[in-house]
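Spelled out, the chains give:
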Amino acid sequence: MTDSVPPPVDWNYPTAIRFGAGRAAEAAEACAELGVRRPLLVVDPAVRDLAAAVRVAALPGGAVFSDVQGNPAGAHVAAGVAAFTEGGHDGVVAMGGGSALDIGKAVALMAGQRRPLWDFEDREDWWRRAEAGAIKPVVALPTTAGTGSETGRAAVIMDERDRTKKIIFHPLLMPGRVILDPELTAGLPPGLTAAAGMDALSHSLEAWCSPVYHPLAEGIALRAMKLIQRSLPAVFRDGADLAARAHMQVAGMMGSTAFQKGLGLMHSLSHPCSSLFGTHHGLTNAVVMPYVLAFQRRAVAAKLESLAAYLELEGGAGGVVDWVLDLRRELEIPHTLAELGVAREEIPRMAHMALADPSTATSPVRVTADDLEKLYAGAMAGDI
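The shown structure was predicted, so the numbers you read here are calculated from the model rather than taken from an experiment. (Residues numbered from 1 in each chain as written. Predicted model: local features only at pLDDT ≥ 70, side-chain atom pairs only at ≥ 80, totals over all residues. Heavy atoms only, no water.)

A.B. asks: Describe the pattern of salt bridges, and please don't skip the residues or the numbers.
C.D. replies: Under the criterion given, the structure shown has 19 salt bridges. A salt bridge links Glu 312 to Lys 226, with the shortest nitrogen-to-oxygen separation between them at 3.4 Å. Taken together, the residues Glu 312 in the loop between helix 10 (301-311) and helix 11 (316-330) and Lys 226 in helix 6 (residues 215-237) connect sequence positions 86 residues apart. Assessed through its relative accessible area of 67%, Glu 312 is described here as exposed. Linking Glu 330 and Arg 237 is a salt bridge whose minimum nitrogen-to-oxygen distance equals 3.2 Å. With Glu 330 in helix 11 and Arg 237 in helix 6, the pair connects residues that are 93 residues apart, well separated along the chain. Its relative accessible area of 37% is what places Glu 330 among the partly exposed residues. For Arg 237, a relative accessible area of 59% puts it in the exposed group. In the salt-bridge network here, residues are joined through shared partners; they are Asp 10, Arg 18, Arg 23, Glu 26, Glu 29, Glu 33 and Arg 177. (Salt bridge = Lys/Arg side-chain N within 4 Å of Asp/Glu carboxyl O. Helix = DSSP H or I, 4+ residues; strand = E, 2+ residues; numbered from the N terminus. Buried < 20%, exposed > 50% of the residue type's maximum accessible area, 1.4 Å probe, protein only.)

Structure (structure tokens):
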């Protein structure tokens with residue numbers, strides 16, 4: 001890539017964002033702006049020794065919570081709330097990938113609530129059950145480029161009782177300050193870079209295809225996909241390409257902003273796989289992506305043709321599917337769910353879980369459990 005690293009800039013949409021290389025050093029200042037004096041740093045173990053994390057942990061009253069794993073569960077949130085309460089903290093700095101950010105946001109929600117976590121699942125207006133004034137402020141510093149949790153109003157947490165992923169939602173879960181520092185993503189290995197980047201693509205692509213009327217989100221989704229088209233292969237080839245890292249970090253943030261319009265079957269199929277088999281969410285989205293596109297192609301043909309024109313792809317709607325397949329090969333993404341360790345005998349169970357997933361509600365096509373079983377079977381066998 002020949003792009004230069006974008007200059008530092010501050011944005012105020014969809015929240016207050018500090019963007020630019022080296023700006024992680026401003027975390028303490030961001031805390032002060034939110035009135036946070038005793039922050040709990042919720043951090044991925046892999047990045048807790050980064051300079052920015054060390055600086056936050058060293059703040060007066062600061063402490064570290066790093067019981068963070070991929071596919072976070074309710075027990076992780078409960079442990080984080082206990083650490084928050086015991087330390088007398090007044091805010092959260094969430095630093096890491098999507099799991100750390102989701103746990104951090106959930107801790108900020110639950111630290112002052114009397115209801116259980118699952119009472120705030122994203123259903124109807126359940127978020128109104130929360131005591132809004134008790135939600136603690138959050139500063140978010142993503143160290144990957146894909147989940148977009150830093151600019152999301154939800155946290156995806158697994159309910160251990162039935163091993164389903166639940167979307168915990170409240171408008172005030174949107175972090176009050178976000179620091180997008182591409183230098184924080186520079187150490188991400190190629191495989192995780194690819195998986196996170198494809199997660200960002202799935203967010204924008206599904207938002208673009210969603211039937212919900214939201215022109216603002218559509219425009220954001222389109223531009224994010226253009227950034228991904230240009231930057232994801234570049235950063236996969238050269239992880240030190242800071243310009244590509246910066247563009248991907250912005251694209252990840254844009255994806256979560258776009259999917260206010262809704263998601264779809266990529267996420268519906270992916271969630272049961274990660275709940276039951278521990279698969280990486282972004283990687284699973286990447287695997288199922290072309291199968292879902294082919295399945296719903298007739299319903300979204302006009303959308304895909306417009307996208308093909310914008311991305312300058314030949315072949316119209318079919319060209320988008322071909323681009324996704326080519327991109328997956330370039331990024332060394334597996335072609336089947338079987339390669340991720342998903343068991344065929346669990347397909348009926350996963351189909352019913354996927355049917356109940358909230359993402360199914362905004363799919364551009366109505367589906368049955370039988371449809372989803374066939375999609376799973378195709379993604380297991382490699383039949384598009």
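A.B. asks: Outline the pairing of strand 5 (residues 91-96), listing residues and values.
C.D. replies: Of all six residues in strand 5, six are buried; the element is thus mostly enclosed. Neither face of strand 5 is exposed, since Gly 91, Val 93 and Met 95 on one face and Val 92, Ala 94 and Gly 96 on the opposite face are all buried. Pairing of strand 3 (residues 39-43) with strand 5 involves five bridges; the strand directions are parallel. Among the inter-strand pairings, Pro 39 is bridged to a residue of strand 5, identified as Gly 91. In this sheet, strand 6 (residues 138-142) lies alongside strand 5 in parallel orientation, the contact comprising five bridges. Bridge pairing links Gly 96 to Pro 142 in strand 6. What joins strand 5 to strand 6 is helix 4 (residues 98-110), and the crossover it makes is right-handed. (Pairing = 2+ DSSP bridges. Right-handed = clockwise from strand over helix to strand, strands pointing away.)

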